[in-house]
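The chain contents come next:
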Amino acid sequence: SFEVVAERSGKTLTVAGDQTIVEALAEVGIRVKVSCEQGVCGSCLCDVLEGEPDHRDVYLTDDEKADNDQMTLCCSRARSPRLVLDI
Ligand code: FES
């Protein structure tokens with residue numbers, strides 16, 4: 001599991017190993033616009049303010065992934081213990 005801070009919403013949550021960031025956000029009432037839910041379409045793209053995402057999508061290019069300043073919330077996870085998201 002890892003921690004997500006939803007900066008604009010003022011909420012901190014834990015993402016369990018068996019759930020996605022989108023699911024964990026929904027539990028605290030934060031809805032993310034999703035479409036494919038497989039890391040393909042980019043609908044769920046979100047800016048990352050702090051932390052290192054574990055990119056599992058095929059939407060971002062390798063260069064964009066290396067920047068670590070945005071991520072797809074439907075399938076990507078965290079390499080760092082904590083992510084701060086602009087949501
Ligand atoms: Fe399509 Fe996340 S919903 S990439």
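Since this is a predicted model, take the numbers as computed values, not measurements. (Residues numbered from 1 in each chain as written. Predicted model: local features only at pLDDT ≥ 70, side-chain atom pairs only at ≥ 80, totals over all residues. Heavy atoms only, no water.)

Trainee: Just give me the short version of a negative patch on the surface, but keep the residues and values in it.
Mentor: Together, Asp-47, Asp-62, Asp-63, Asp-67 and Asp-69 give the surface a local cluster of negative charge. Residue contributions to the negative patch peak at three residues, all from helix H2 (residues 62-67). Summarising the element assignment, Asp-67 is placed in helix H2. (Patch = residues over 30% accessible without salt bridge, like charges linked within 9 Å, V, L, I, M, F, W, Y side chains within 5 Å. Areas by Shrake-Rupley, 256 points an atom, 1.4 Å probe, with all protein chains shown as cover. Salt bridge = Lys/Arg side-chain N within 4 Å of Asp/Glu carboxyl O. Lys, Arg positive; Asp, Glu negative; His and termini not counted. Charge placed at Lys NZ, Arg CZ, Asp CG, Glu CD. Helix = DSSP H or I, 4+ residues; strand = E, 2+ residues; numbered from the N terminus.)

Trainee: Residues and numbers for the environment of Lys-33, please.
Mentor: Locating Lys-33 in the fold gives a position in the loop between helix H1 (21-27) and strand E3 (45-50). Excluding anything up to four places from it in sequence, Lys-33 contacts Ser-43 and Cys-44. (Contact = heavy atoms within 4.5 Å.)

Trainee: Pulling in residues and values, what's your account of the sheet that holds E3?
Mentor: Spatially, five strands are ordered E2-E1-E7-E3-E5 in an open sheet, and the strand pairing comes out mixed. The strands lining the two open edges of the sheet, one partner per strand, are strand E2 (11-15) and strand E5 (70-72). Put simply, the sheet's adjacent strands are angled 40 degrees from each other on average, direction ignored. Alignment of E3 against strand E7 (residues 82-85), held across two bridges, turns out to be antiparallel. Across the sheet, Val-48 pairs through a bridge with Leu-85, a residue of E7. (Pairing = 2+ DSSP bridges. Axes fitted to C-alpha atoms, helices over the stretch in contact; angles between N-to-C directions.)

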